[in-house]
Amino acid sequence: MRFRAPAALTVVALCALATPSAQETIDRDVSWKIRREATDNSHIMRTLQVLTDVYGPRLTGSPNLQGAAEWVVKEATAWGLKNAHLEPWEFGHPGWLNEKLSVHIVSPVKDALVVEALAWTPGTNGPITAQILPLELPQRPTKAQLTGFFDAQRAAVKGRIVMVGKPEAVTVTIDPPAKRREDSDVRAQFGGAGTPGGPQGPQPSAQKPDPDVVPPAQVTEQFDQFLVSAGAIGRVNDAGRDHGQIRAFNNRTFDIARAVPTVVMRNEDYGRLWRLSANGRPVELELNIVNRSYPEGRTQYNVVAEIPGTDKAAEVVMLGGHLDSWHSATGATDNAIGCATMLEAIRILQAIGIQPRRTIRVALWSGEEQGLLGSQAYVKEHFGTFEGPKPEHATFAGYFNIDSGTGRARGMTVFGPADAARILRDATRPFEDNGFLGVMATTSRRRGGSDHTSFNEVGLPGIGVQQDPIEYGTHTWHTNLDTYERIIEDDARQSAMVIAAAVYHLAMRNDLLPRLPKDQMPPLPTP
Ligand SMILES: [Zn+2]
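These figures come from a predicted structure and were not determined experimentally. (Residues numbered from 1 in each chain as written. Predicted model: local features only at pLDDT ≥ 70, side-chain atom pairs only at ≥ 80, totals over all residues. Heavy atoms only, no water.)

Q: Break down the overall build of the chain for me, citing the residues and quoting the values.
A: A tally of regular secondary structure across the chain gives 15 helices and 16 strands. Computed over the C-alpha atoms, the radius of gyration of the chain is 25 Å, within 12% of the 24 Å expected from 2.2 N^0.38 for a compact globule of 527 residues. The proportion of buried residues among the 527 residues of the chain is 55%. Only carbon and sulfur atoms are counted for the fraction: they give 52% of the accessible area of the chain, which is about 22,100 Å². Treating the 54 positive side-chain charges of the chain as one cloud and the 59 negative ones as another, the clouds have centres 1 Å apart. (Helix = DSSP H or I, 4+ residues; strand = E, 2+ residues; numbered from the N terminus. Rg over C-alpha atoms; globule rule 2.2 N^0.38 Å. Buried < 20%, exposed > 50% of the residue type's maximum accessible area, 1.4 Å probe, protein only. Areas by Shrake-Rupley, 256 points an atom, 1.4 Å probe, with all protein chains shown as cover. Lys, Arg positive; Asp, Glu negative; His and termini not counted. Charge placed at Lys NZ, Arg CZ, Asp CG, Glu CD.)

Q: Break down the coordination of the zinc ion for me, with residues and values.
A: At the metal site, the zinc ion is ligated by His322 (NE2), Asp334 (OD), Asp403 (OD) and Asp403 (OD), and these contacts range over 1.9 to 2.7 Å. Metal-centred angles of 52 to 147° between the 4 donor atoms at the zinc ion mark the site as irregular. (Donors = N, O, S within 2.8 Å, 3.2 Å for Na, K, Ca; no water. Tetrahedral: all angles 85-135°; square planar, octahedral: opposite > 155°, others 65-115°.)

Q: Residues and numbers for the sheet that holds strand S9 (residues 284-294), please.
A: Here we have 8 strands laid out as an open sheet, ordered S3-S2-S9-S5-S6-S7-S8-S4, and mixed in their pairing. Across the chains shown, the open sheet's two edge strands, defined by having one partner strand only, are strand S3 (111-113) and strand S4 (115-117). Sheet twist, expressed as the mean angle between neighbouring strand axes with direction ignored, is 35°. The pairing of strand S2 (residues 95-107) with S9 spans 11 bridges and is classified as antiparallel. Each residue of the ladder has a partner; that of serine 102, found in S9, is asparagine 288. Along the sheet, helix H8 (residues 267-278) makes contact with S2, S3, strand S5 (128-135), strand S6 (161-164), strand S7 (234-238), strand S8 (262-265) and S9, crossing S5 at roughly 80°. (Pairing = 2+ DSSP bridges. Axes fitted to C-alpha atoms, helices over the stretch in contact; angles between N-to-C directions. Contact = heavy atoms within 4.5 Å.)

Q: Account for the packing of helix H5 (residues 143-157) against helix H7 (residues 216-230), with residues named and values stated.
A: One can describe the packing of H5 onto H7 by two numbers: an axis separation of 10 Å at closest approach and a directional angle of 30°. Crossing of H5 against H7: the hand is right-handed. Residues Leu146, Phe149, Phe150, Gln153, Arg154 and Val157 of H5 form the contact with H7, whose own contacting residues are Val219, Gln222, Phe223, Phe226, Ser229 and Ala230. Grouping the constituent residues of the contact of H5 with H7 by class yields 8 nonpolar, 3 polar and 1 charged. (Left-handed = near helix turned anticlockwise from the far one by under 90°. Nonpolar A, V, L, I, M, F, W, Y, C, P; charged D, E, K, R; others polar.)

Q: Please set out the sheet that holds strand S10 (residues 299-307) residue by residue, giving values where relevant.
A: Taken together, 8 strands build an open sheet; the order of strands is S1-S10-S12-S11-S13-S16-S14-S15 and the sheet is mixed. Sheet topology places strand S1 (82-90) and strand S15 (439-442) at the edges, where each strand pairs with a single neighbour. Neighbour-to-neighbour, the strand axes of the sheet open up by a mean angle of 25°, direction not taken into account. As judged from the 3 bridges shared by strand S13 (residues 396-401) and strand S16 (residues 462-467), these two strands associate in the parallel manner. For asparagine 401, the partnering residue across the bridge sits in S16 and is glycine 464.

Q: Go over the packing of aromatic side chains, please, and point to the residues and values.
A: All chains considered together, the criterion is met by 20 aromatic pairs. A network of ring pairs unites the aromatic residues Trp365, Tyr378, Phe383, Phe396, Tyr399 and Phe455 as a single cluster. (Phe/Tyr/Trp six-rings, centres within 6.5 Å; stacked < 30°, edge-to-face > 60°.)

Q: So, unusual backbone geometry: which residues are in play, and what are the values?
A: What is expected of a backbone is that most residues other than glycine have negative phi and most peptide bonds are trans. With an omega dihedral of -15°, the bond running from glycine 56 to proline 57 counts as a cis peptide bond. As for its position among the elements, proline 57 is in the loop between helix H3 (44-54) and helix H4 (63-79). The step from serine 107 to proline 108 runs through a cis peptide bond, and the omega angle for that step is 10°. Relative to the helices and strands, proline 108 resides in the loop between S2 and S3. The phi angle at asparagine 83 is positive, at roughly 60°, despite the residue not being glycine. Here asparagine 83 lies in strand S1. Given a relative accessible area of 46%, asparagine 83 falls into the partly exposed group. For histidine 478, which is not glycine, the phi dihedral falls at a positive 65°. Note that histidine 478 resides in the loop between helix H14 (472-476) and helix H15 (489-508).

Q: For the pairing of S15, give the residues involved together with the corresponding values.
A: Side chains Val439 and Ala441 of S15 all project onto a buried face; the interleaved residues Met440 and Thr442 project onto the opposite face, where all are buried too. Sheet analysis places strand S14 (residues 409-415) next to S15, joined by 4 bridges and oriented parallel. Pairing of threonine 413 across the sheet is with methionine 440, part of S15. At this point the chain moves from S14, through helix H12 (residues 418-428), to the parallel S15, and the crossover so formed is right-handed. (Right-handed = clockwise from strand over helix to strand, strands pointing away.)

Q: Which residues make up the environment of valine 170, and what values go with them?
A: Looking at the secondary structure, you find valine 170 in the loop between S6 and helix H6 (183-190). According to the relative accessible area criterion, valine 170 is partly exposed, its value standing at 34%. For valine 170 and asparagine 267, which are 97 residues apart along the polypeptide, the C-alpha to C-alpha distance reads 8.2 Å. The contacts of valine 170, once residues within four sequence positions are left out, are Gly240, Arg241, Asp242 and Asn267.

Q: With reference to specific residues and values, describe the pairing of S14.
A: For S14, the buried fraction is high: 7 of the 7 residues fall into the buried class. The pairing of S14 with S16 spans 5 bridges and is classified as antiparallel. Bridging across to S16, valine 414 finds its partner in isoleucine 463.

Q: Could you give me a rundown of H7, with the residues and numbers involved?
A: Helix length check: H7, at 15 residues, gives a terminal C-alpha distance of 21 Å against a target of 21 Å (1.5 Å per residue), a fit within 8%. Taken together, the buried positions of H7 are Val219, Phe223, Asp224, Phe226, Leu227 and Ala230. What you see down the axis of H7 is that its buried residues fit within an arc of 160°, all on one side. Of the surrounding elements, those touching the buried residues of H7 are S5, H5, S6 and S7. Once H7 ends, the next one or two residues include glycine 231, with phi positive near 85°. (Expected span 1.5 Å × (residues − 1). Arc of directions from axis to C-beta.)

Without other data, these values stay purely geometric and don't point to any function.
Listed below in structure tokens is the structure:
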């Protein structure tokens, strides 16, 4: 436990206040109350448990996500937050959920296989049995080559379950990446003078695409369409990862009529089927998949709730993360824990009875996994763009985002000038003993990664929380292993404390965070 007795804290506070670089006035009494509330009365695991066990997986458009959002509204209201409600945006696709799924090899041996359904693909309408057809797609085909390939394979795929692509040869990882970052490494990245990093303008565009070659996304789409029209029974993709990990995303068109029943199979099973077939043994599978569509999912909702401000109530500090998840697990590290952490941060501030000058607003987004869609819609609606701002653009105080798993917060990036980073670094200094070691500025307006970049893109101070990796990239991110069991409670608790303190500071200081002057704002990157 990283908890100091009040007397010790006072000493530390006096030392820190004496440091000449600390120009911000930090309310140490509030820092202390935040620590005490976070430690004595944490709601993180209860929130996490409801979001994962009760409502997971929370795929965008699904009734599970809707249930989670409505639960958050009730819970936030019960905590005393105000104006808790859902804000709609148009997703434009129906919701989708997998209800039942089993795939077995029935010949030449019998065994159960480990798979996940690809989202927005159809079910099988009862168990179906068919022979597999291993098939390798042409690499970087021209339009003519692709058409030729489809014509050559049309008769072969009819009535078959098509395995698409050779099994990935996954090599052993001899030196796994560190689960925690070294302090010295974090300090070197975030603890410096706050010089803005990141690309200053349009990125040099990558290799020019060959106009004769069909782009990979279109190959996938046309291939799916081909399987439907040629009468294939199903499709199997290789998960291509070790130890049974599966990442299953979606049919690119979000239209179940434009794909056959499709599963992603663990690499170990996929390789076995491919080898059996290559050795001349006909392989038969049985698929049984129940998927359901939800037309009401076309309209999606972000969840927001507030602690109203006082003398600067029209100015808003925001914090949040995305509530939606992929569908092959309950989305604990991506991103139920991020939501639980941000809800906890605002709950702590409510519970200790602060009277913020600015309004503090938590927002949990939907549609993040399909391209930051919920936060994009919100930013457009409330703030407009840098080039075409709405009135709220000028009075916005910052948005904190967390979305990198269970690891504790170690640093932050803020979109803006170096001084914005310096202010946040001062505000979070009382939490250095939690391993939170600094803040750096960025001037990249490139959208991607997570929802804070929807704010950066329009020139607003988006603040991305940087975390210890733990097992995020190696095991849980977007995989079938992303469950409650992988959460480290103490890490999330420490993240909530430092974020609560930083949010509080931005809600109280006299001025808004400094922004890049107009003539220093980089142009929007070309897509
Ligand atoms: Zn995420």
